[in-house]
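Given next are the chains, with one letter for each unit.
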Amino acid sequence: MAQDNTPQAQKSLIGRWLSRITTIAVWLLLALLMSIITEWIGMNTKWKDEGIEHSRGMVKTELSYLNKDFQKSLIVQRPVQYAENIASTMHKYMYEKTGVMDILSNIFRDNKAESIIRLFAEHVLAAVYVTQVFAIRLAVLTLALPAFLIFGIVAATEGLVQRDIRKWSVGREHAGLYHHAKRWIPITFIAPWVVYLAFPVSIHPNAVILPFALLFGIGIFMVTYLFKKYI
């Protein structure tokens, strides 16, 4: 009976992983779409005077953060080139292969193009810049994964030490607090991806990543510390 269920169990496991990957891809696309819509709203309201220069300036600022503070990484040898490759790949398949950049180029070269068409082209070009910002930030988040790992390892080690102290000193169990902390961990890991990727203005990555990495570590510490004393 166990042998008959093994292929089905493997298919179920593969299906769950495919579902998770699809969910992640959908959320990333939604974050990109939200970023583009926010930029379009800002172009017509808060930074109307800047217009398309706002999104263009964001690309330069995000790259300056990367060049200044991400020269080394535990994941790749050249973080800046890694981020630029992701940005160029997204740009190539989303805007060059589809012919969008050729259309925009023709519109901006045509002096007789109507103002409404030029306005539409500017909004599309802003979306191009926002996509580049999104790709750079996505690269930065992947480069920051070791920070969560380090915070998690340190927190788990300290939590286990404190658990042993609680065990031998006959400390009280806190099952409710344990389950709350357990639910907190995935939120602190996912939240920086949502907040940072969709943030409408330039912000230093450390201002988003480090606080959430710290909260992630606190969650790991609480889970290991509050884990039941006897299994």
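Residues numbered from 1 in each chain as written. Predicted model: local features only at pLDDT ≥ 70, side-chain atom pairs only at ≥ 80, totals over all residues. Heavy atoms only, no water.

## Some details on the overall build of the chain
Line of reasoning, step 1. Along its length, the chain carries 8 helices and 0 strands.
Line of reasoning, step 2. In the chain, the order of α-helices and β-strands from amino to carboxyl end is α-α-α-α-α-α-α-α.
Line of reasoning, step 3. Burial analysis of the chain (231 residues in total) assigns 35% to the buried set.
Line of reasoning, step 4. A separation threshold of at least 6 residues defines the contact pool for the chain, and within that pool the share at least 24 residues apart is 79%.
Line of reasoning, step 5. When the accessible area of the chain is evaluated, it comes to approximately 14,600 Å², of which 66% is carbon and sulfur surface. (Helix = DSSP H or I, 4+ residues; strand = E, 2+ residues; numbered from the N terminus. Buried < 20%, exposed > 50% of the residue type's maximum accessible area, 1.4 Å probe, protein only. Contact = heavy atoms within 4.5 Å. Areas by Shrake-Rupley, 256 points an atom, 1.4 Å probe, with all protein chains shown as cover.)

## A word on the packing of helix 2 (residues 53–69) against helix 5 (residues 115–143)
Line of reasoning, step 1. Viewed as axis vectors pointing N to C, helix 2 and helix 5 meet at an angle of 20°, and their least axial separation amounts to 8 Å. When the interaxial angle is binned, helix 2 and helix 5 end up roughly parallel. As helix 2 packs across helix 5, the resulting crossing turns out to be left-handed. Of helix 5, the residues touching helix 2 (which contributes Ser-55, Arg-56, Met-58, Val-59, Glu-62, Leu-63 and Leu-66) are Leu-125, Ala-126, Tyr-129, Val-130, Gln-132, Val-133, Ile-136, Arg-137, Val-140 and Leu-143.
Line of reasoning, step 2. When grouped by side-chain class, the residues that make up the contact of helix 2 with helix 5 number 12 nonpolar, 2 polar and 3 charged. (Axes fitted to C-alpha atoms, helices over the stretch in contact; angles between N-to-C directions. Parallel < 35°, antiparallel > 145°, perpendicular 65-115°, else oblique. Left-handed = near helix turned anticlockwise from the far one by under 90°. Nonpolar A, V, L, I, M, F, W, Y, C, P; charged D, E, K, R; others polar.)

## Structural notes on helix 5
Line of reasoning, step 1. A rise of 1.5 Å per residue sets the reference length of helix 5, with its 29 residues, at 42 Å; its end C-alpha atoms lie 42 Å apart and thus fit the reference within 8%.
Line of reasoning, step 2. Where burial is concerned, most of helix 5 is hidden: 21 out of the 29 residues are buried. (Expected span 1.5 Å × (residues − 1).)

## Considerations on the environment of Met-58
Line of reasoning, step 1. Here Met-58 is to be found in helix 2.
Line of reasoning, step 2. If we skip the residues at most four places from it in the chain, Met-58 touches Glu-39, Val-133, Arg-137, Phe-199, Pro-200, Val-201 and Ser-202.

## Some words on the side chain of His-91
Line of reasoning, step 1. Mapped onto the secondary structure, His-91 falls in helix 3 (residues 79–96).
Line of reasoning, step 2. Since its relative accessible area comes to 13%, His-91 is described here as buried.
Line of reasoning, step 3. In this view, His-91 contacts Glu-96, Met-101, Val-128 and Gln-132; residues no more than four positions away in its chain are not counted.

## As for the nonpolar core
Buried together is how nonpolar side chains tend to be arranged in soluble globular proteins.
Line of reasoning, step 1. Ranked by size, the top nonpolar core spans 51 residues in total, and within it Leu-66, Phe-134, Val-140 and Leu-197 carry the most contacts.
Line of reasoning, step 2. Listed by contribution, the elements that provide at least two residues to this core are helix 1 (2–43), helix 2, helix 3, helix 4 (100–109), helix 5, helix 6 (145–168), helix 7 (175–198) and helix 8 (205–226).
Line of reasoning, step 3. Per element, the largest residue contribution to this core is 17 residues, and it comes from helix 5.
Line of reasoning, step 4. Contact partners of Leu-197, with chain neighbours within four places excluded, come to Leu-28, Ala-31, Ser-35, Phe-134, Arg-137, Leu-138, Leu-141 and Pro-192. (Core = buried A, V, L, I, M, F, W, Y, C linked by side-chain atoms within 4.5 Å.)

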